[in-house]
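Chain residues, written in single-letter form:
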Amino acid sequence: MSLSLLSIFALGGLNEVGKNMYAIECEQDIVVIDCGNKFPDESLLGIDLIIPDITYLEKNKDKVKALVVTHGHEDHIGGIAYFLKKLNVPVYATRFTLGLIELKLEEHKLLGDAELIEIDSNSHLAFEDIQVDFFKVNHSIPDCLGIAFRTPQGTIVHTGDFKFDLTPVHHQYADIHKIARIGEEGVLLLLSESTNAERPGFTPSEHIVGEHMEEAFKKATGKVIVSTFASNINRVQQVVDASMKTNRKLALLGRSMVNVVDVAIERGYIQVPEGMFIRAEQINDLPPEKVTILCTGSQGEPLAALARLSNGTYRGVDVYRDDTVILAAGPIPGNEKNVSRIVDNMFALGAKVIYGTGSSTSMHVSGHGYQEDLKWMLTLMKPKYFIPIHGEYRMLHHHCLLAESVGVERENMFILKNGDVVDLEHGEARHTRHVPAGNTYVDGIGVGDVGEIILRDRKQLSEDGMLVIILTMSKTEKKLISPPDLVTRGFVFVKDSEALLRNVNKLITSTVNDMELVGRRSEWNEIKQNLKRAIGQYVYTQTRRKPMILPIIIEV
Ligand SMILES: [Zn+2]
Ligand SMILES: [Zn+2]
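Since the structure is predicted, the reported quantities are computational estimates derived from the model, not experimental observations. (Residues numbered from 1 in each chain as written. Chains lettered and ligands numbered in written order. Predicted model: local features only at pLDDT ≥ 70, side-chain atom pairs only at ≥ 80, totals over all residues. Heavy atoms only, no water.)

(A) Seen up close, the packing of aromatic side chains. Scanning the model with the defined rule gives six aromatic pairs in all. Measuring from ring centre to ring centre gives 5.2 Å for F9 and Y56, while their planes differ by 85°; the resulting arrangement is edge-to-face. Taken together, the residues span a long stretch of sequence, with F9 in strand β1 (residues 6-12) and Y56 in helix α1 (residues 55-59) at a distance of 47 residues. Of the two residues examined, F9 and Y56, each falls in the buried class. Plain terms: the ring middles of Y92 and F127 are 6.1 Å apart, the flat faces sit at 80° to each other, and that makes the pair edge-to-face. Note that Y92 is positioned in strand β6 (residues 91-93) and F127 in the loop between β8 (124-126) and β9 (131-137), a separation of 35 residues in sequence. Judged by relative accessible area, which is 11%, Y92 ranks as buried. (Phe/Tyr/Trp six-rings, centres within 6.5 Å; stacked < 30°, edge-to-face > 60°. Helix = DSSP H or I, 4+ residues; strand = E, 2+ residues; numbered from the N terminus. Buried < 20%, exposed > 50% of the residue type's maximum accessible area, 1.4 Å probe, protein only.)

(B) Spatial organisation of the coordination of the zinc ion (ligand 1). All of the protein donors around the zinc ion (ligand 1) are H71 (NE2), H73 (ND1), H139 (NE2) and D161 (OD); their distances to the metal are 2.1 to 2.4 Å. Considering all four donor atoms around the zinc ion (ligand 1), the spread of angles at the metal, 90 to 167°, places the coordination shape in the irregular class. Of note, the donors binding the zinc ion (ligand 1) are all from one chain and are spaced H-x1-H-x65-H-x21-D. A separation of 3.3 Å is found between the zinc ion (ligand 1) and the zinc ion (ligand 2), which are bridged by D161. In this pair, H71 sits in the loop between β5 (64-68) and α2 (74-77) while D161 sits in the loop between β11 (154-158) and α5 (176-185), placing the two residues 90 residues apart along the sequence. (Donors = N, O, S within 2.8 Å, 3.2 Å for Na, K, Ca; no water. Tetrahedral: all angles 85-135°; square planar, octahedral: opposite > 155°, others 65-115°.)

(C) Representation of the coordination of the zinc ion (ligand 2). Looking at the zinc ion (ligand 2), the protein donor atoms are D75 (OD), H76 (NE2), D161 (OD) and H390 (NE2), and they sit 2.1 to 2.2 Å from it. Of note, the donors binding the zinc ion (ligand 2) are all from one chain and are spaced D-H-x84-D-x228-H.

(D) Structural context of unusual backbone geometry. Its identity is not glycine, yet H426 carries a phi of approximately 50°, on the positive side. Structurally, H426 is set in the loop between β20 (420-425) and β21 (428-434). The exposure class of H426 is exposed, given its relative accessible area of 57%. Even without glycine at this site, R544 takes up a positive phi of about 60°. As for its position among the elements, R544 is in the loop between α15 (523-543) and β26 (548-555). Given a relative accessible area of 57%, R544 falls into the exposed group.

(E) Just the packing of helix α14 (residues 498-513) against α15, in detail. Running from amino to carboxyl end, α14 crosses α15 at an angle of 150°, the nearest separation of the two axes being 10 Å. As judged from the angle between their axes, α14 and α15 are roughly antiparallel. Read as a crossing pair, α14 and α15 show a hand that is right-handed. Here L500, N503, V504, L507, I508, T511 and V512 of α14 lie close against α15, whose contacting residues are I527, N530, L531, A534, I535, Y538, V539, Q542 and T543. (Axes fitted to C-alpha atoms, helices over the stretch in contact; angles between N-to-C directions. Parallel < 35°, antiparallel > 145°, perpendicular 65-115°, else oblique. Left-handed = near helix turned anticlockwise from the far one by under 90°. Contact = heavy atoms within 4.5 Å.)

(F) Representation of a nonpolar patch on the surface within the structure. Where nonpolar side chains cluster on the molecular surface, the patch consists of I481, I552, I554 and V556 and spans about 350 Å² of accessible area. Following the sequence through the fold, V556 ends up in the segment after β26. (Patch = residues over 30% accessible without salt bridge, like charges linked within 9 Å, V, L, I, M, F, W, Y side chains within 5 Å. Areas by Shrake-Rupley, 256 points an atom, 1.4 Å probe, with all protein chains shown as cover. Salt bridge = Lys/Arg side-chain N within 4 Å of Asp/Glu carboxyl O.)

(G) Quick peek at helix α4 (residues 95-107). Between its terminal C-alpha atoms α4 stretches 19 Å, which fits the 18 Å expected from 13 residues at 1.5 Å a residue. Within the span of α4, buried status applies to F96, T97, L98, G99, L100, I101, K104 and L105. Close packing links the buried residues of α4 with α2, α3 (80-86), β6, β7 (116-118), α7 (233-245) and α8 (255-266). Looking one or two residues beyond α4, the residue adopting positive phi is K109, at roughly 55°. (Expected span 1.5 Å × (residues − 1).)

(H) View of the sheet that holds β7. Strand order in the open sheet formed by eight strands is β7-β6-β5-β3-β2-β1-β20-β21, with mixed pairing between adjacent strands. Looking at which strands have only one partner, the edges of the open sheet turn out to be β7 and β21. Within this sheet the neighbouring strands show an average axis-to-axis angle of 25°, counted without direction. The pairing of β6 with β7 spans three bridges and is classified as parallel. Pairing of Y92 across the sheet is with I117, part of β7. Its contacts with the sheet place α4 against β6 and β7, and it is angled at close to 160° to β7. (Pairing = 2+ DSSP bridges.)

(I) The arrangement of helix α11 (residues 371-381) in detail. Q371, D373, L374, M377, L378, L380 and M381 are the residues of α11 that are buried. Its buried side turned inward, α11 meets β9, β11, α5, β12 (187-193), β19 (383-389) and α12 (393-405). One or two residues past the end of α11 sits K382, with phi positive at roughly 40°.

(J) Spotlight on the side chain of S474. On the secondary structure map, S474 appears in the loop between β24 (466-473) and β25 (485-489). By relative accessible area, which is 9% here, S474 ends up buried. Beyond its immediate sequence surroundings of up to four residues, S474 is in contact with K479, I481, W524 and V556.

(K) Structural view of the pattern of salt bridges. For the structure shown, the criterion picks out 25 salt bridges. With its nearest N and O atoms 2.5 Å apart, the salt bridge here joins K65 to D29. Taken together, the residues K65 in strand β5 and D29 in strand β3 (residues 29-33) connect sequence positions 36 residues apart. A salt bridge links R235 to E206; the shortest N-O distance between them is 2.8 Å. One end of the pair, R235, is in helix α7; the other, E206, is in the loop between β12 and α6 (207-219), and 29 residues separate them in sequence. Looking at E206, the relative accessible area reads 6%, which means it is buried.

(L) Quick peek at the sheet that holds strand β22 (residues 439-443). Pairing in this open sheet of three strands is antiparallel, and the strands run β4-β22-β23 from one edge to the other. Because the sheet does not close on itself, it has two edges, and the strands there are β4 (49-52) and β23 (446-447). Bridge count for β4 against β22 is four bridges, and the pairing is antiparallel. Within the sheet, the bridge partner assigned to L49 lies in β22 and is V442.

(M) Focus on the nonpolar core. By size, the foremost hydrophobic cluster in this structure holds 84 residues, and its most contacted members are L57, F83 and I326. Not counting chain neighbours up to four residues away, the residues in contact with L57 comprise L11, M21, I30, V32, V64, F83 and L87. Within the second largest apolar cluster, 34 residues are counted, among which are F149, L191, L396 and F414. (Core = buried A, V, L, I, M, F, W, Y, C linked by side-chain atoms within 4.5 Å.)

Written out as structure tokens, the structure reads:
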């Protein structure tokens, strides 16, 4: 057995929650784990999505053997369509995960070209230098896998997103025995997710949500409106069950809810009795106490069904006094404000709103293991080396403290950044190199074409607007032929700023006239630069604003 070089790195998912992508490289093989996306914050104006930068993989195209997907959440599959356009490698995922990937590929018209291979926890993959085994884990979406990579140097384990749930919905038990067996055989390095590494205790079981859901349904006197992630199919099942027990029909609102529930029914991940579903148009045909609405928008997305119900813009469906609104999902950090606005609106409409976690009526439990869950995984795997993944720096940091508390050596842990590489040689790990990693922005149909310069312009335009200066100049004499024209957008209200614009006009004329232009070459550029500087300064002293100044010269 030769001890070849083995490398492990992340192209996304470290120091962030989102766009997960990890890679294991061993001689002739690179196996990629997950390819997620992340949604931009408000500073990234106009950006629709962020996906990982895969420059390194493109450069090593021939070695990339597979994309193995742990589960179907956006932060693990949202970048796959873009990835496959660059690197059309086989994609391995479980039945439900593949269903969600297919929805994405269909949107991008890639379904015909992709090589999608269904696996389950018993599958075994063999590449040239890496072999792969799987184990089932609990999370907030069905059919999740952890992965064991068998390499000439030892076993590398990637947990995927997980918690331990001993009473899962729909009998989706984790492979605890198998996890223990992998650990017993020896694990060289563990990559484990860190989302809840700051939260003490064990994650509660999903089944308590079912109990709370049923109670709330029994108490409800009007419609029940539940919002959750479409992908949280176990919770969707609980809404179906509670509706059945209280004789309600169920309407699904929101495209992704309809699509994902379709996939789940078709592939056998959810059981819905015949005649349970009604269409949105039928809601008003039934008495309110006979209706459940299950909708998208639990993160406060302004265009999703829940937000539109809350501000009265969902055509044909109104929220009435005595309706019950249940938010059965925790807000992802950053979305709290939008979610609160919906809660406010729903209360204002007279609805009863059940939201928030931790209370005895809680309608949400996390799918990510708390500290004790994470310690269990570390204890079962007993790795020599440990790399916390999937989280902000503080989460990675806390995860290391947990690892230390259960006996992993401090010097055998690596808190990495995206692109940092851990190399293993003769069973010894060290972090010395870096591969390119970063954000690729998606805006409309453009992928990677919007960079820092465009974003800086967008920021300036959004903050102080623009001032366009149009000069008509004679080509031969290099003189202004008529007074300059000014066009402004988002800068000042023109009617109230006549004096200011008149002065700007005068300043433009004098700036141009003062320049020695005849007989020189790059004069147009020089005029533009001088105008930007002079007008920029003047406007700033008068208004304390810095609009984008765009001089346009028309030669006649
Ligand atoms: Zn997940
Ligand atoms: Zn995740």
